[in-house]
Amino acid sequence: MKTKVAIIGAGISGASIARVLSKYENLEVHLIEKAPDVGWGVSKANTALIHGGYDDDPEKYPTRAKLCIRGNRLWHQWVKELQIPHVWNGALIVATKDEDFDELERLLERGRKNGVPEMRIVDRDELFHLEPDLTREAIGALWVPIVGQIGPIPAVIALVENAVANGVKTHLETEVRGIKVENGEVKGVETNNGFIEADIVINAAGLYADDVARMAGIDYFEIHPRKGEYWIFDEGIPGPRRVLFPTPTQISKGIVVTTEISGHLMIGPNAQDLPPEEKEDFATTKEGLEQVWEGAKKLWPQLPPRSKVIRTFAGLRPEPTGGDFIIKAEEEVWGFINVAGIRSPGLTSAPAIAHEVAGIIERDLGVKLVEKEKWNPYRKEITHFFMLGPEQINEMVRKNPAYGKVVCRCNNVSEGDILEAIERMKMIGVKTPSIDSVKFRTKATTGTCQGSFCRPRIVQLLAREYGVEPWEVTLKGRGSEIGIGNVKALLRRDEA
Amino acid sequence: MMEPMPQIPMLNYDVVVIGGGPAGMAASIKAKELGLNVLLLDENDYLGGILPQCIHPGFGIHYFREELTGPEFAARLAKRLVELGVEYRTGARVLEIRNYSDLEKVVVFTSPSGTFQVWTKAVIYAAGARERHAFEIGIVGDRVSGIYTAGEAQTLMDIYGILPGKEIVIVGSGDVGLIMARRFALEGAKVKAVVELMPYPGGLARNVMILRDFDIPLYLGHKVVEVRGKGRVERVKVVKVDENLNEIPGSEFWIEADTLIISAGLVPSVKKLKKIGVEIDPATGGPVVNDRLETSVPGIFVAGNSLLINDLVDYVAEQGELAAEGAREFIENGGIESRKWVKVRKGENVRLIVPHYLSGDRDVYLYLRVSKPMEDVELRIPEIGKRMKLPVVKPAEMLRIKLKAEEIREVEKLTVEVVKA
């Protein structure tokens, strides 16, 4: 008999766990997500960094310190197996005052303790060689070559696609309403779509991990949202080659200046603590964005005019009581594993967290894991028209003319790319057609015009492929429909 | 040195026109009439550019001497284009322009029939403009459904038959914003406000009338700063600004609405021109051109909203024809003959002016916009002693001034100013 595992939350943690657990013959894995697609919670909006592992104090935050560097090493492998867009460009933690070097020395020492390789302090000359356009006030930096950047949602999508290909079952738009516990053992989860039986429940519910834990009677931690805001600029605005951090303070790692993997200058985040109940407040604020602007200017004085922004956004980080990741099998409820408080460096740590959870299942729950004979570690990336040469385009067009037709003109995304995205959405069980699902897979609508030309065309394709009326297509799930009905709806009073 | 071209099908033309809107269609028609072998490329499934979704009247008064709707204007051009046998391809997106030498350019495009390289002597670039979006104008808050640029809302309504919402706030009182205000009102939606940053309306007078006709409140000297909603727009925050356009603290108020339409101006789409080194005028956002509408790269011509943002499609079509004439001259003479170009300079209360250089060997239209509205003014060009009385000038209304060749032949530069009479 297979051991049934229910993972709550298809963010970077849940998806990584699903992928790792899909290796085992004797597990039946269910991945449960309340959103219409995967990766739409905490994983969606963050700095997209694979951190170096020097930042987390092993005395104060032993789990973070241990898993960050392990996660970094695993990502170097995973991005290749899963064809996840990435760049390994290293980070500079920049000193602008003499006393900053004390902090950099501390970070260097901590990094060594955590096992971070190849870190060193560089002097001003070398710093400007590494990053010529940095603020002239910089006097040196800590250089951490193993830092990199990935696309966080593309990563979640890749993990889930790979997990599904290896037998994991997804349950999207499925909200957990209760955890069934009998005689101190979990029996499954109650959802809006019925009961899902489970011998093991893994709580990777991000901002809601405290609520889910409480459903199992576990009440020793609370998650509060910490908001971070970002600016992202149009293509062609010069950004740094490395990931730039200021020297950290007691409060924060500081505002990062980076060229994100699509080549856009990005700055952020600030950190604003919200009350625990405001877990849906993803709104940007004038004050927050101003704070980011001022912070970024200190490292990168030549910020472009503000009119060159193409998007501002905010994300929430799940800050747990105590500050460290909470990754453990709960003794009082057999079979319940918390993967909670996965704040920064959660994206980096995710692969290591997944292995940790597999270890917990074997060690603490005594389930001997049996590897499948045929487990496929590979996943092919979606076709990106913008990565093809003219001859390759013609090869694709011979198979399907849609690959020759550009829909998103800013980023050169073809109709073929979009149809492939829709196919892949269906493959992992996406039921509600959303522009965002297409956007995160293809980059359509993320360019200079922010979708004003191509969004209507994508609506049409989604409506056709999902067999719905075009106005029923959503931006990001139910309640965000693109229209209220046919253009004559109000005059005919047949508004939906 | 020439980079080797990949092995993709090759086509040969005298001139490639990029963009099948009014500028590109008029340019292709003119080029064909002038005996050139022309190829027109457009990325949409249909010709006409933005015209097919502009179902209101007001087009063609100058160009066709009668008032037409957008689709009618486009259809007239399309009919002529087909009669002449102009070759065109729809669904054809230009990926790259390569400029090997003055008479040797390559346009690489992709389409449902594949990718092609077109060798051509001249290029007329008429790719139009894009709209400014909510992020560019600094609106913060929730990133939810119900926020559209005016053009996108128009596409949804009049190409795809989708009604975006029922309670509408419009940012910007330019023509597009005002026309969309009327469009929504005609479909039974409630337009709750048009919010304009400047202390005066941004559209043509005939379009400002719409507000009175449909009883739509206009907030001058106000801006939308924030959107809130869960899933969909629920309310927008409006704040009053002072004469320096700074927000006045304490003047904020909220308007409940499910839709926010952004009509905050257009930006010429010139990224592909920038890549080949075409000089851009920061004032227009389009290329610097001579009186043939040739850019700083020989043989690359530009017309329509890629050149400068126009109010009237008639002038857009006129620019297309002019560019085609320039292309013919360029091809026949192996270049636009260099001579002493007359530099056109901006004087008082002139925000932008096109073309930037005049040859003095032909009559020319100057297209210009003022910086601020004024009454009882004179447009003056001191170097040639030209004076024109104008009862009123507004930034919203482009001025078009004809200069005769003999007027400008002898001067080295011209300064155009708009001053109190």
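Here we summarise the structure given alongside this text. (Residues numbered from 1 in each chain as written. Chains lettered and ligands numbered in written order. Predicted model: local features only at pLDDT ≥ 70, side-chain atom pairs only at ≥ 80, totals over all residues. Heavy atoms only, no water.)

A look at the overall build of chain A
Next, step 1: The secondary structure content of chain A amounts to 13 helices and 24 strands.
Next, step 2: In terms of overall dimensions, chain A is globule-like: its C-alpha atoms have a radius of gyration of 23 Å, near the 23 Å expected for 496 residues.
Next, step 3: On the principal axes, the C-alpha backbone points of chain A span a range of 65 × 60 × 45 Å.
Next, step 4: A total accessible area of about 19,300 Å² is found for chain A, and carbon and sulfur atoms account for 48% of it. (Helix = DSSP H or I, 4+ residues; strand = E, 2+ residues; numbered from the N terminus. Rg over C-alpha atoms; globule rule 2.2 N^0.38 Å. Areas by Shrake-Rupley, 256 points an atom, 1.4 Å probe, with all protein chains shown as cover.)

As for the overall build of chain B
Next, step 1: Check the secondary structure of chain B and you find 8 helices and 29 strands.
Next, step 2: With the C-alpha coordinates of chain B rotated into their principal frame, the extents come out at 65 × 55 × 45 Å.
Next, step 3: For chain B, with 421 residues in total, the buried portion stands at 59%.
Next, step 4: Within chain B, contacts between residues at least 6 apart in sequence are counted, and of these 63% link residues at least 24 apart.
Next, step 5: Counting only carbon and sulfur atoms, one obtains 50% of the accessible surface of chain B, whose full area is about 16,400 Å².
Next, step 6: A distance of 1 Å separates the average location of the 54 positive side-chain charges in chain B from that of its 58 negative side-chain charges. (Buried < 20%, exposed > 50% of the residue type's maximum accessible area, 1.4 Å probe, protein only. Contact = heavy atoms within 4.5 Å. Lys, Arg positive; Asp, Glu negative; His and termini not counted. Charge placed at Lys NZ, Arg CZ, Asp CG, Glu CD.)

Comments concerning the nonpolar core
Next, step 1: Ranked by internal contacts, the top residues of the largest apolar core, which has 105 residues, are Leu21, Trp75, Ile202 and Ile337 of chain A.
Next, step 2: Apart from the residues within four sequence positions on either side, Ile202 of chain A is in contact with Val5, Ala6, Ile7, Ile8, Ile17, Leu21, Ile337, Val339, Val357 and Ile361 of chain A.
Next, step 3: With 68 residues, the next largest nonpolar core counts Val15, Ala31, Leu36 and Leu307 of chain B among its residues. (Core = buried A, V, L, I, M, F, W, Y, C linked by side-chain atoms within 4.5 Å.)

Focus: the sheet that holds strand S27 (residues 386-393) of chain B
Residue and element names in this part refer to chain B.
Next, step 1: A sheet is described by the order of its strands in space; here 5 strands give the open sequence S24-S22-S29-S26-S27, paired in mixed fashion. In the strand order of this sheet, the two ends are held by strand S24 (357-358) and S27, each with one partner.
Next, step 2: One ladder, built from 2 bridges, connects strand S22 (residues 342-346) with S24; its direction is antiparallel. Note that in S24 the partner of Lys343 across the bridge is Tyr357. (Pairing = 2+ DSSP bridges.)

Digging into the interface of chain A and chain B
Next, step 1: With 57 residues of chain A in contact, the opposing surface of chain B contributes 52 residues.
Next, step 2: For the pair chain A and chain B, the summed buried area comes to about 4,500 Å², and 53% of that belongs to carbon and sulfur atoms.
Next, step 3: On the surface where chain A and chain B come into contact, there are 25 residue pairs in polar contact (both at pLDDT 80 or more).
Next, step 4: Contributing elements (two or more residues each) for the side of chain A that touches chain B: helix H7 (286-299), strand S19 (309-320), helix H9 (390-399), helix H12 (455-466), strand S24 (485-486) and helix H13 (489-492) of chain A.
Next, step 5: Broken down by element, the residue count for the side of chain A that touches chain B peaks at 6 residues, all from S19 of chain A.
Next, step 6: The class makeup of the residues in the side of chain A that touches chain B is 25 nonpolar, 17 polar and 15 charged.
Next, step 7: In this sheet, strand S12 (residues 162-163) of chain B lies alongside S24 of chain A in antiparallel orientation, the contact comprising 2 bridges. Counterpart to Gly485 of chain A in the pairing with S12 of chain B is Leu163 of chain B. (Buried area = accessible area lost by both parts, 1.4 Å probe. Polar contact = N/O pair within 3.5 Å; in protein donor to acceptor, adjacent residues only side chain to side chain. Nonpolar A, V, L, I, M, F, W, Y, C, P; charged D, E, K, R; others polar.)

Concerning the pattern of salt bridges
Next, step 1: All told, the structure shown has 69 salt bridges over all chains when counted by the stated rule.
Next, step 2: With its nearest N and O atoms 3.2 Å apart, the salt bridge here joins Lys286 of chain A to Glu247 of chain B. Of the two residues, Lys286 of chain A is situated in helix H7 and Glu247 of chain B in the loop between strand S17 (235-240) and strand S18 (253-256); the pairing between them involves two chains.
Next, step 3: Classification of Lys286 of chain A as partly exposed rests on a relative accessible area of 47%. (Salt bridge = Lys/Arg side-chain N within 4 Å of Asp/Glu carboxyl O.)

With respect to helix H1 (residues 12-21) of chain A
Given 3.6 residues per helical turn, the α-helix brings residues three or four places apart onto the same face.
Next, step 1: Of all 10 residues in H1 of chain A, 10 are buried, a share of seventy percent or more.
Next, step 2: Within the sequence span of H1 of chain A, burial applies to Ile12, Ser13, Gly14, Ala15, Ser16, Ile17, Ala18, Arg19, Val20 and Leu21 of chain A.

What about the side chain of Asp37 of chain A?
Residues and elements named next belong to chain A.
Next, step 1: Relative to the helices and strands, Asp37 resides in the loop between strand S2 (27-32) and strand S3 (49-50).
Next, step 2: For Asp37, a relative accessible area of 0% corresponds to the buried category.
Next, step 3: Within the structure, Asp37 has its side chain in polar contact with the side chain of Ser437 (distance 2.7 Å).
Next, step 4: Beyond its immediate stretch of four places on either side in the chain, Asp37 contacts Leu172, Ile428, Val430, Ser437 and Arg441.

Describing the pairing of strand S25 (residues 364-369) of chain B
Residues and elements named next belong to chain B.
Next, step 1: Summarising burial for S25: 5 of the 6 residues are buried, a large majority.
Next, step 2: The pairing of strand S23 (residues 352-354) with S25 spans 3 bridges and is antiparallel. Pairing of Ile353 across the sheet is with Leu368, part of S25.
Next, step 3: The pairing of S25 with strand S28 (residues 399-403) spans 5 bridges and is classified as antiparallel. Opposite Leu366, over in S28, you have Ile401 as the bridge partner.

Interpretation note: all reported values are geometric properties and have no functional meaning in isolation.
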